[in-house]
Amino acid sequence: MPTLYMLIGVPASGKSTWVKQHQKSNTLVASSDDYIEKQAERMGSTYSDVFDDFIKDANAHAFNTAKKAFSDGIDLIWDQTNLTKNGRRQKLKMVPKEYDKIAVFFPTPHIDVLKKRLAGRPGKNIPDYVMNSMIRTIETPSTDEGFNEIIVAK
């Protein structure tokens, strides 16, 4: 049975590290960040510098990657913040019935830990007010949303 792993967490909570540890050769990853980083590299610029120019295309790319995985019947890791139930609902509507739907939830680390991790990402700056908004917005996933399983990442 193919599987959707929907990652849920604020930036710097460990999502992309989880992807590196769990992605298999036959798994697609839907990630707007990867798309933006590739565009920044192509332009000789930074993630933050090109973010506004490419976020719309990056989100479309993530959705198209998901559609490809679903049409091919292969595993997908959806590596975006996916903070709210409403936002997740839109994505879960796309998932074929035969998929196992697993939410991988990343509890929000202490703000000092987040700041240290973010500082280790040169060229990727997230303003404090944006991080604080995301921290306030995140909703813990539940099986009521349609997930077959919830994994709490460590």
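See the structure above.
In this text the structure is predicted, and so the values were computed from the model without any measurement.

A few words now on the layout of surface pockets. A water-sized probe, rolled over the atoms, reveals where empty space remains. Of the pockets and cavities examined, the largest pocket occupies roughly 560 Å³. Along the wall of the largest pocket there are 27 residues; nearest its centre are Pro11, Asp33, Tyr47, Phe51 and Met134. Of the residues belonging to the lining of the largest pocket, the class tally is 10 nonpolar, 11 polar and six charged. Here the second largest pocket is characterised by a volume of approximately 350 Å³. Lining the second largest pocket are 16 residues, with Ser16, Thr17, Lys20, Asp79 and Arg121 positioned closest to its centre. Mapped onto the lining of the second largest pocket, the elements with two or more residues apiece are helix H1 (15-22) and helix H2 (32-43). Among the elements that make up the lining of the second largest pocket, the one with the highest residue count is H1 (four residues). Tallied by class, residues from the lining of the second largest pocket come to three nonpolar, five polar and eight charged.

Rules used in this analysis
Residues numbered from 1 in each chain as written. Predicted model: local features only at pLDDT ≥ 70, side-chain atom pairs only at ≥ 80, totals over all residues. Heavy atoms only, no water. 1 Å grid on protein atoms, 1.4 Å probe; cavity = no way out; pocket = protein on both sides within 12 Å on 5 of 7 lines; lining within 4 Å. Points joined across faces, edges and corners; volume = space filled by probe spheres on them. Nonpolar A, V, L, I, M, F, W, Y, C, P; charged D, E, K, R; others polar. Helix = DSSP H or I, 4+ residues; strand = E, 2+ residues; numbered from the N terminus.

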